[in-house]
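Tertiary structure, described
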Amino acid sequence: MARVVIVSNRVPIPKARGATAGGLAVALRDLLKPGTIWFGWSGRLASEPSAQPALVEARGVTYATIDLSSDDYRGYYVGFANGALWPLLHFRIGLMRFRRQDYEGYLAVNRSFADALGSVLQLDDTLWAHDYHLVPLGRMLRERGFQGPMGFFLHIPFAPPSMMEALPVARELIADLCAYDLVGFQTEEHARDFRDCAQRILGATVQGEWVRLNGRSMRVFTCPIGIDAESFSRDADRAVNDKVVQRLAGSLTGRALAIGVDRMDYSKGLPQRFEAYACLLEKHPEHHRKVHLLQICPRSREEVDEYRKLRSELDRLAGRINGRFSEFDWTPLRYSTRAAPRTTLAGLYRTARVGVVTPLRDGMNLVAKEFVAAQSDEDPGVLVLSQFAGAAHELTEALIVNPFDPDAIAEAMHEGLSMPAPERRERHLALKDKVFRTTAQAYSERFMEALSQVKAQSVPRAAA
Ligand code: ADQ
């Protein structure tokens, strides 16, 4: 049987027993069978990028990684992927920093990936590449003679043609995506935006889910990612014994908890959320001394200027809110940049009366699904969810808000804090049903099933 080769920017090599796996490793767990290969960057910087991948084997799966040079890393990861593509695809054109040399670095790293993959790929392997770091990889592999079916999944949103055109290399990028045989998006809106770009910017023909360009067809479909809901819900049950969760519950002394959990990223709407909380306390003084907002946001991508600026802004806002509303025995906003183990996180969600998930734009947002999976059926919390998170397309029984409107978020938080138990239970059961259906397992099965049905096609030189 053909082997599956997964490619992503970082590779989650299993560490010591008990180490927790990240979102992608959970989503792809069922694919991690003997014979599978997972290829990507080691996370290490070296003076010379490695030509041959380092191999580690665990439970029959081969993890193959290469090192990058610091120049390549700056152009590829900091510059083009996170300085240009990430803001553009999250509709923040004003934050997009495009530099030709960064794009060259991005192409160079994708070439290094394609070259190093050459030593592990067999001609009939099935390849599944992940995310915005690796758009040109498929085309480069075809140019090197790889003949197996190639799928690509974009974890973040896509942009409509009028916005995409702001990127000076939009044509190249869209043509490169068209070199895959199958491209998956989190929502139908993102998939449609991509098909529109292929049609308007490249002149491709679109028929339903199929895009035809330069004599070859590829399928563009929707494949929403999910979580391992069963195991997350069990973690929440188990968390009654977790020391951190016990300490937090004890510290609430009967007050309600609202919780936010996000990587510290400008797409997550954190300043607006803090403003919304201030607005709640301003407009609804009945919540004074009755609620805490716990915002957990581990720092990320601090090499990128915007992320450092965001951190200072949040520090300032948190100080202002606590300075203004605190009383001697009540600090309304608790704000931490620590990472938490899965079980602790599940227990914190379970303890909360309201989950506040208000990204300005998000591919899916797994926190929304984790919050639902962690609730108890008898006394569930309420999810406040941004209309611009991919998850809002499925989780329609949440309190859906416009994340740019702090007043609207504040009102939804108030509604969540005041909602009677029967309505909470009714909404929760409907949400839970969805989160337990569109799981991580369902996601990877759906993608692999679609990939098994497409025909691998070569890329004409003109398109490449
Ligand atoms: P992210 O932007 O990273 O993912 P998200 O989907 O919310 O966003 O996943 C974050 C993950 O990190 C969650 O599993 C969460 O539990 C975990 N996490 C956050 N803070 C943590 C903390 N302090 N301690 C421990 N864990 C923490 C990208 C896209 C999303 C898409 C995913 C998956 O931006 O839109 O949903 O990929 O496709």
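Relevant structure appears above.
The structure reproduced in this document is the subject of the present report. (Residues numbered from 1 in each chain as written. Predicted model: local features only at pLDDT ≥ 70, side-chain atom pairs only at ≥ 80, totals over all residues. Heavy atoms only, no water.)

This part is about the site of the ligand. The local shell around the ligand holds 23 residues, among which His 155, Ala 340, Asp 362, Met 364 and Glu 370 are the closest. Gln 186 is positioned with one of its side-chain polar atoms (N or O) 3.0 Å from an oxygen atom of the ligand. For the ligand, the protein covers 85% of the area, taking 710 Å² as the surface of the free molecule. Looking at the shell around the ligand, the elements that each hand over two or more residues are α12 (342-351) and α13 (366-374). Summarising the domain contributions, the shell around the ligand has at least three residues from each of domain 1 (4-226 + 442-457) and domain 2 (229-436). (Near = heavy atom within 4 Å. Polar contact = N/O pair within 3.5 Å; in protein donor to acceptor, adjacent residues only side chain to side chain. Areas by Shrake-Rupley, 256 points an atom, 1.4 Å probe, with all protein chains shown as cover. Helix = DSSP H or I, 4+ residues; strand = E, 2+ residues; numbered from the N terminus. Domains from an automatic or database assignment.)

Moving on: the layout of surface pockets. Empty space within the second largest pocket amounts to approximately 400 Å³. Lining the second largest pocket are 14 residues; nearest its centre among them are Val 244, Ile 296, Ser 336, Arg 338 and Leu 348. Counting only elements with at least two residues in the lining of the second largest pocket, the list comes to α9 (243-252), β12 (291-296), β13 (333-336) and α12. With 4 residues, α9 is the single largest residue contributor to the lining of the second largest pocket. A class-by-class count of the residues in the lining of the second largest pocket yields 8 nonpolar, 3 polar and 3 charged. (1 Å grid on protein atoms, 1.4 Å probe; cavity = no way out; pocket = protein on both sides within 12 Å on 5 of 7 lines; lining within 4 Å. Points joined across faces, edges and corners; volume = space filled by probe spheres on them. Nonpolar A, V, L, I, M, F, W, Y, C, P; charged D, E, K, R; others polar.)

A few words on the pairing of strand β2 (residues 37-45). When strand β1 (residues 4-10) meets β2, the two strands line up parallel, connected through 4 bridges. The residue of β2 that forms the bridge with Arg 10 is Trp 41. When β2 meets strand β4 (residues 61-68), the two strands line up parallel, connected through 6 bridges. Across the sheet, residue Leu 45 finds its bridge partner in β4, namely Leu 68. (Pairing = 2+ DSSP bridges.)

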